[in-house]
Amino acid sequence: MRKTLSLLALLAGSGLLAASALGTVSQSPPEKTFRWSLSVDIDHVDPALAHDTQSWALEYATGAMLFNYPDAPAPRGARLVPEIAAGFPAISRDGRTYTFRLKKTSRFSDGGRVRAANFVRALQRARKRRPETPAARFISDVVHFTALGRDRLRIKLRKPAGDLLARLAMPFFMAIPTDTPDVTDGIGAPVVS
């Protein structure tokens, strides 16, 4: 009885081994294609209006903010780093005024240089649009913002806010061309980024 069971186990094992050898014909893994439909999967391509996960993934991949989170695992990926800003801002003694210097090497997809006025335009659009943008609540404590020349941006708050840099890292506030129009339904693709 033992010999019979051993012989059956040996035959079954040999059969499985032979079958697995035949099944290992070189097969390439299935091709992975990532497809998005701008009419179905993305709520908006306009940075001032985009507010769902897929839209933000697109904005993070194509836009640039003053500060951003590196594409890295934690803890490095959870710490803000300057993206278009040349470094961390100068903060006034009262903690209400932030002055940012911008890198002089940042460019848009059309070749134009990114300047402080591009961030001012993003903030203006987020604040002044009607109907109200999802971005408006994130800058409701901002009293004033202005470009100081080409490469410096100043933002003044009502009161100190330790989360300002994290809020500015949202795609709502990515650099946009200064001639980006205010349109009720938002701008369409392609977007200069």
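The structure under discussion appears in the preceding block.
Cut-offs used in this document
- Residues numbered from 1 in each chain as written.
- Predicted model: local features only at pLDDT ≥ 70, side-chain atom pairs only at ≥ 80, totals over all residues.
- Heavy atoms only, no water.
- Helix = DSSP H or I, 4+ residues; strand = E, 2+ residues; numbered from the N terminus.
- Buried < 20%, exposed > 50% of the residue type's maximum accessible area, 1.4 Å probe, protein only.
- Contact = heavy atoms within 4.5 Å.
- Pairing = 2+ DSSP bridges.
- Salt bridge = Lys/Arg side-chain N within 4 Å of Asp/Glu carboxyl O.
- Core = buried A, V, L, I, M, F, W, Y, C linked by side-chain atoms within 4.5 Å.
- Polar contact = N/O pair within 3.5 Å; in protein donor to acceptor, adjacent residues only side chain to side chain.

A. Quick look at the overall build of the chain. Counting its regular elements, the chain contains four helices and six strands. Ordered by position from N to C terminus, the α and β elements of the chain give α-α-β-β-β-β-α-β-β-α. Counting all 193 residues of the chain, 36% fall into the buried class. Partitioning the intrachain contacts of the chain with sequence separation of at least 6 by distance along the chain shows that 56% fall at a separation of at least 24.

B. Highlighting the sheet that holds strand β5 (residues 142-147). If you trace the four strands from one edge of the open sheet to the other, you get β3-β4-β6-β5, paired in antiparallel fashion. The open sheet has two edge strands with one neighbour each: β3 (90-91) and β5. With five bridges connecting them, strand β4 (residues 97-101) and strand β6 (residues 152-157) associate as antiparallel partners. Within β6, the residue paired with Arg-101 across the bridge is Arg-152.

C. Molecular detail of the pattern of salt bridges. Taken as a whole and judged by the stated rule, the model has five salt bridges. With a closest N to O distance of 3.9 Å, Lys-104 and Asp-151 form a salt bridge. One end of the pair, Lys-104, is in the loop between β4 and α3 (116-128); the other, Asp-151, is in the loop between β5 and β6, with 47 residues separating them in the sequence. Looking at Asp-151, the relative accessible area reads 13%, which means it is buried.

D. Layout of the nonpolar core. Counting 32 residues, the largest nonpolar core has Leu-66, Phe-100, Phe-119, Leu-153, Ile-155, Leu-168 and Phe-173 as its most contacted members. Looking at this core element by element, the count peaks at five residues for α3. For Leu-66, the residues in contact, after removing those within four places along its chain, are Val-81, Pro-82, Glu-83, Ile-84, Ala-85, Phe-100, Leu-102, Phe-119, Leu-153 and Leu-168.

E. Fine view of the side chain of Ser-106. Inspection of the secondary structure puts Ser-106 in the loop between β4 and α3. Setting aside residues up to four positions removed in sequence, Ser-106 forms contacts with Ile-84, Gly-112, Arg-113 and Val-114.

F. Fine view of the environment of Ala-175. Along the polypeptide, Ala-175 turns up in the segment after α4 (164-168). Expressed as a C-alpha distance, the spacing of Ala-175 and Val-192, which sit 17 residues apart in the sequence, is 9.5 Å. For Ala-175, the contacting residues outside a window of four places in its chain are Ala-64, Phe-108, Val-114, Asn-118 and Phe-119.

G. Quick look at unusual backbone geometry. Cis geometry is adopted by the peptide bond preceding Pro-75, which originates at Ala-74 and carries an omega value of 5°. Inspection of the secondary structure puts Pro-75 in the loop between β1 (67-68) and β2 (81-82).

H. Main features of the environment of Pro-89. Mapped onto the fold, Pro-89 is located in the loop between β2 and β3. For Pro-89, a relative accessible area of 12% translates into the label buried. Beyond its immediate stretch of four places on either side in the chain, Pro-89 contacts Phe-67, Tyr-98, Thr-99, Phe-100 and Leu-165.

I. Spotlight on the side chain of Thr-180. Structurally, Thr-180 can be placed in the segment after α4. Polar side-chain contacts of Thr-180 include one of 2.7 Å to the backbone oxygen of Pro-177.

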